[in-house]
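So the chains spell out like this:
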Amino acid sequence: NAGVTQTPKFRILKIGQSMTLQCTQDMNHNYMYWYRQDPGMGLKLIYYSVGAGITDKGEVPNGYNVSRSTTEDFPLRLELAAPSQTSVYFCASRKPGVPEQYFGPGTRLTVT
Amino acid sequence: GESVGLHLPTLSVQEGDNSIINCAYSNSASDYFIWYKQESGKGPQFIIDIRSNMDKRQGQRVTVLLNKTVKHLSLQIAATQPGDSAVYFCAENPRNAGGTSYGKLTFGQGTILTVHP
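Participant: Is there a simple way to think about the pattern of salt bridges in this case?
Facilitator: Close approach of charged atoms allows side chains of opposite charge to pair. This structure, assessed with the given rule, holds five salt bridges over all chains. Of the charged contacts, one joins Arg77 of chain A and Glu79 of chain A as a salt bridge, the two residues approaching to 3.2 Å between their closest N and O atoms. With a relative accessible area of 30%, Arg77 of chain A lands in the partly exposed category. When the shortest N-O distance is used, the salt bridge between Asp84 of chain B and Arg61 of chain B registers 2.9 Å. Here Arg61 of chain B lies in the loop between strand E5 (56–58) and strand E6 (62–67) and Asp84 of chain B lies in the loop between strand E7 (72–77) and strand E8 (86–94), a separation of 23 residues in the sequence.

Here you go:
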């Protein structure tokens, strides 16, 4: 299994641009998550999904959108990029009833 | 410019020593807690979890202790090795008002562990 994969690895955006961060998992996990990690900080939850077609907000959802059309994919959309969205973004997945979340390698995003 | 990362708690140990990393959590309704290890440029890697109805759990070279009275969690690493050098995060999984939890983890700030050969 490849586990959780994320693309791109790095991206530089100009203020106001939009982009989609891709996340795919091949473990057939129902639960998927998007976190952001600012320098020197822990991760903060942006959005999560408990299954295809079901998404909900986390702690810091403003400026982001998600969709979950399949079990495997959970893309994160930034519509109007702002410097405050400069961060490293991690996607994770897990099975119901099991605490362990499997994380992807992250996407480093810079907005200038 | 100043890096917020410089303000992370740090722990330096010699190879072979035991390490203890501490964490204070906030939500008394959390039903489990997890320790993650994060190496530079990588995603967090699961180490061990502990349910709220336990006070101790052991894994391979690691022990997690939970003190619910003072909302404190610790990770003990035995015979620390240079490969253990990383940032360590504790995370809690709070239940919502209805008692359901969805794995919406709340992470601590992290502790930098440096192991000297």
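Participant: Could you clarify how one ought to interpret the state of the cysteines in this entry?
Facilitator: Simply put, the disulfide is a covalent bond whose two ends are the sulfur atoms of two cysteines. Residues and elements named next belong to chain A. Here the structure, examined in full by the defined rule, presents two disulfides over all chains. Across the disulfide, Cys23 is cross-linked to Cys91 (sulfur-sulfur distance 1.8 Å). One quick way to see it: the torsion about the S-S bond of Cys23 and Cys91 is about -70°, and its sign makes the bridge left-handed. Linking Cys23 in strand E3 (residues 19–25) with Cys91 in strand E9 (residues 87–94), this pair joins segments that are 68 residues apart in sequence. Here Cys23 falls in the buried class, since its relative accessible area comes to 0%. A residue is classified by how much of its surface remains accessible, and Cys91, at 0% relative accessible area, is buried.

Participant: So what exactly am I meant to see when it comes to the side chain of Gln85 of chain A here?
Facilitator: Residues and elements named next belong to chain A. Mapped onto the elements, Gln85 comes out in the loop between strand E8 (76–78) and E9. Classification of Gln85 by relative accessible area gives buried; the value is 4%. The residues contacting Gln85, other than those within four sequence positions of it, are Arg36, Asn62, Gly63, Tyr64, Leu78, Leu80, Leu109 and Val111.

Participant: Can you walk me through the sheet that holds strand E1 (residues 4–7) of chain A in this structure?
Facilitator: Across a sheet, paired strands are connected by hydrogen bonds in the backbone, their directions being either parallel or antiparallel. Residues and elements named next belong to chain A. Read across the open sheet, the four strands follow the order E1-E3-E8-E7; overall the sheet is antiparallel. Either end of the sheet is taken by a strand with one partner, and the two such strands are E1 and strand E7 (64–66). Taken pair by pair, the neighbouring strands of this sheet meet at an average axis angle of 20°, ignoring direction. With four bridges connecting them, E1 and E3 associate as antiparallel partners.

Participant: Would you mind going over the confidence of the model for chain B with me for this structure?
Facilitator: Close reading of the predicted structure is inappropriate where its pLDDT is low. Residue and element names in this part refer to chain B. When pLDDT is averaged across chain B, the result is 90; 94% of the residues are at 70 or more. By mean pLDDT, the top-scoring element of chain B is E5 (98), and the lowest-scoring one is strand E9 (residues 106–107) (93). Every residue in residues 1–6 scores below 50 in pLDDT, and together they form seven contacts with partners more than four places removed in sequence or on other chains.

Participant: Whenever I open this one, the layout of surface pockets confuses me. Can you help?
Facilitator: A probe as big as a water molecule, rolled over the atoms, marks out the empty space that is left. Taken as a whole, the largest pocket holds about 650 Å³ of empty space. Listing elements by their share of the lining of the largest pocket, those giving two or more residues are E9 and strand E11 (107–111) of chain A together with E8 of chain B. A per-element tally of the lining of the largest pocket places E11 of chain A first, with four residues. In terms of residue class, the lining of the largest pocket is built from 12 nonpolar, 12 polar and five charged. As a volume, the second largest pocket reaches approximately 250 Å³.

Calculation criteria
- Residue indices begin from 1 for each chain and proceed along its sequence in written order.
- Chains carry letters and ligands carry numbers; both start at the beginning, A for chains and 1 for ligands, and go up in the order they are written.
- Owing to the predicted nature of the model, reporting of local features is limited to residues with pLDDT of at least 70; listing and counting of side-chain atom pairs is limited to 80 or more, with chain, interface and lining totals taken over all residues.
- Where side-chain values are given, they derive from all heavy atoms of the structure, hydrogens and water being excluded.
- One speaks of a salt bridge when a side-chain nitrogen belonging to Lys or Arg is within 4 Å of a carboxyl oxygen belonging to Asp or Glu.
- Relative accessibility decides the category of a residue: with a 1.4 Å probe and only protein chains considered, values under 20% of the type maximum give buried, values over 50% give exposed, and everything between is partly exposed.
- Helical segments are the DSSP runs of H or I of at least four residues, strand segments are the runs of E of at least two, and each set is numbered from the N terminus.
- Note that a disulfide, as used here, is simply two cysteine sulfur atoms within 2.5 Å.
- Residue contacts are counted whenever heavy atoms from the two residues lie within 4.5 Å of one another.
- Any two strands with at least two DSSP-identified bridges between them are counted as paired.
- All axes are obtained by fitting lines to C-alpha atoms, using only the stretch in contact for helices, and the reported angles, taken between N-to-C directions, cover 0 to 180 degrees.
- Every residue gets a pLDDT, meaning the predictor's confidence in that residue, from 0 to 100.
- Here a cavity means grid points, on a 1 Å grid over the protein atoms only, where a 1.4 Å probe fits yet cannot get out; a pocket means an open set of points with protein on both sides within 12 Å along at least five of seven lines; lining residues are those with an atom within 4 Å of a point.
- Grid points are joined across faces, edges and corners, and a volume is the space filled by probe spheres set on the points.
- Three classes are used, and their members are as follows: Ala, Val, Leu, Ile, Met, Phe, Trp, Tyr, Cys and Pro are nonpolar, Asp, Glu, Lys and Arg are charged, and the others, Gly among them, are polar.

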